[in-house]
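# Understanding the architecture of this molecule
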Amino acid sequence: GEDVEQSLFLSVREGDSSVINCTYTDSSSTYLYWYKQEPGAGLQLLTYIFSNMDMKQDQRLTVLLNKKDKHLSLRIADTQTGDSAIYFCAEASISGGYNKLIFGAGTRLAVHP
Amino acid sequence: EAGVAQSPRYKIIEKRQSVAFWCNPISGHATLYWYQQILGQGPKLLIQFQNNGVVDDSQLPKDRFSAERLKGVDSTLKIQPAKLEDSAVYLCASSPTGWGRVGYTFGSGTRLTVV
């Protein structure tokens, strides 16, 4: 079945690293994504990783993928107050010949001074 | 490029009333999606269009929800009659063909409150 799971809440101190974890179920997912949602806004694509990669780094963001365990993580280095938001993990799942994104429930990141 | 436009931003209706949401995707994007995001949950796909044809509406409550995409561009999502549990943010997204590296682009959503 389709299910993406995330921890619901993470609190970090400004300047520390944040690690948000996700598990997914569709082993055939070609791409996995991290989206960010700020209050009152839609979802903004942060980064993605292709399924044949183990790691991807993009400035302060590092994505790690463990295909064996179907585990995805997002590390934010030097976390700032502007990083406070909800972060969604999503897998691309094929249904009826078409890809669609399945989202987790989101992890609320709170950054405090 | 212009983003995905949605209107209205907010809507408050009484239960059993009807409501419609509008979405204008990014120009040239073949695929359009409507997601429902209930407070505290992740977005759930309601319906997916490829050009003006429906390719997935398995999660759409068809007894009360309907959607159409005219001429493969704009789309409307309608709820009739609304129930209290329909209170949510309705997100529209679009994607080009071969969207793997770019993902979906989302609009800001319409927040519906049913009282």
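Residues numbered from 1 in each chain as written. Chains lettered and ligands numbered in written order. Predicted model: local features only at pLDDT ≥ 70, side-chain atom pairs only at ≥ 80, totals over all residues. Heavy atoms only, no water.

Looking now at the overall build of chain B. Along its length, chain B carries zero helices and eleven strands. N-terminal to C-terminal, the α/β element order of chain B is β-β-β-β-β-β-β-β-β-β-β. Against the globule reference of 13 Å for 115 residues, chain B gives a C-alpha radius of gyration of 13 Å, in line with a compact fold. For chain B, the C-alpha atoms occupy an extent of roughly 40 × 25 × 20 Å along the three principal directions. Across the 115 residues in chain B, those meeting the buried criterion constitute 46%. Taking the contacts inside chain B whose residues are at least 6 apart along the sequence as the reference set, 53% of them involve residues at least 24 apart. Total accessible area on chain B is roughly 5,600 Å²; 49% of this is exposed by carbon and sulfur atoms. Distance between charge centroids for chain B: 3 Å, based on 13 positive and 9 negative side chains. (Helix = DSSP H or I, 4+ residues; strand = E, 2+ residues; numbered from the N terminus. Rg over C-alpha atoms; globule rule 2.2 N^0.38 Å. Buried < 20%, exposed > 50% of the residue type's maximum accessible area, 1.4 Å probe, protein only. Contact = heavy atoms within 4.5 Å. Areas by Shrake-Rupley, 256 points an atom, 1.4 Å probe, with all protein chains shown as cover. Lys, Arg positive; Asp, Glu negative; His and termini not counted. Charge placed at Lys NZ, Arg CZ, Asp CG, Glu CD.)

A separate point is the layout of surface pockets. Space inside the largest pocket adds up to approximately 570 Å³. If you go around the largest pocket, you meet 28 residues; those closest to its centre are Q37(A), I86(A), Q37(B), L39(B) and R111(B). Elements supplying a minimum of two residues to the lining of the largest pocket: β9 (85–95) of chain A together with β9 (88–95) and β11 (110–114) of chain B. Looking at the lining of the largest pocket element by element, the count peaks at four residues for β11(B). (1 Å grid on protein atoms, 1.4 Å probe; cavity = no way out; pocket = protein on both sides within 12 Å on 5 of 7 lines; lining within 4 Å. Points joined across faces, edges and corners; volume = space filled by probe spheres on them.)

Turning to the sheet that holds strand β8 (residues 71–76) of chain A, a few remarks are in order. Residue and element names in this part refer to chain A. Spatially, five strands are ordered β1-β3-β8-β7-β6 in an open sheet, and the strand pairing comes out antiparallel. A single partner strand is all that each edge strand has here, and the edge strands are β1 (5–6) and β6 (55–58). Relative to strand β7 (residues 61–66), β6 is paired through four bridges, and the arrangement is antiparallel. Looking at β7, one finds that D58 is bridged to L61. (Pairing = 2+ DSSP bridges.)

In this section: the state of the cysteines. Tallying each qualifying case throughout the model produces two disulfides over all chains. Two residues share a disulfide in this structure: C22(A) and C89(A), whose sulfurs sit 2.0 Å from each other. With the S-S dihedral at roughly -60 degrees, the linkage between C22(A) and C89(A) falls on the left-handed side. Within this pair, whereas C22(A) is found in strand β3 (residues 18–23), its partner C89(A) is found in strand β9, the two being separated by 67 residues in sequence. Neither residue differs from the other here; C22(A) and C89(A) are each classed as buried. Note that C23(B) is cross-linked by a disulfide to C92(B), the S-S spacing being 1.9 Å. Taking the torsion about the sulfur-sulfur bond, which here is approximately -70 degrees, the covalent link between C23(B) and C92(B) counts as left-handed. (Disulfide = S-S within 2.5 Å.)

In this section: the interface of chain A and chain B. Often the size quoted for an interface is simply the accessible area lost on bringing the parts together. Chain A puts 20 residues into the contact, and the matching count from chain B is 22 residues. For the pair chain A and chain B, the two sides together bury roughly 1,700 Å², of which 54% comes from carbon and sulfur. A per-residue breakdown of the area chain A buries against chain B is headed by L43(A), Y98(A) and K100(A), which together make up 26% of the total. Applying the counting criterion to the chain A and chain B interface returns one salt bridge. Between D56(B) and K100(A) there is a salt bridge; the shortest N-O distance is 3.2 Å. In this structure, the connection of chain A to chain B is made through seven residue pairs in polar contact (both at pLDDT 80 or more). Broken down by element, the side of chain A that touches chain B gets its largest block of residues, five residues, from strand β10 (residues 98–103) of chain A. (Buried area = accessible area lost by both parts, 1.4 Å probe. Salt bridge = Lys/Arg side-chain N within 4 Å of Asp/Glu carboxyl O. Polar contact = N/O pair within 3.5 Å; in protein donor to acceptor, adjacent residues only side chain to side chain.)

Attention now moves to the pattern of salt bridges. Side chains carrying opposite charge are able to pair once their charged atoms draw close together. This model, assessed by the stated rule, comprises five salt bridges over all chains. In this structure, D69(A) and K68(A) form a salt bridge, with 3.6 Å as the shortest nitrogen-oxygen distance. Residue classification places D69(A) among the partly exposed positions, given a relative accessible area of 48%. Under the relative-accessibility criterion, K68(A) is labelled exposed at 74%. Ionic pairing is found between R64(B) and D86(B), a salt bridge with its closest N-O pair at 2.5 Å. Taken together, the residues span a long stretch of sequence, with R64(B) in the loop between β6 (53–56) and β7 (65–69) and D86(B) in the loop between β8 (75–79) and β9 at a distance of 22 residues. Like D86(B), R64(B) is buried.

So far we have only geometry, and geometry alone does not tell us how the molecule works.
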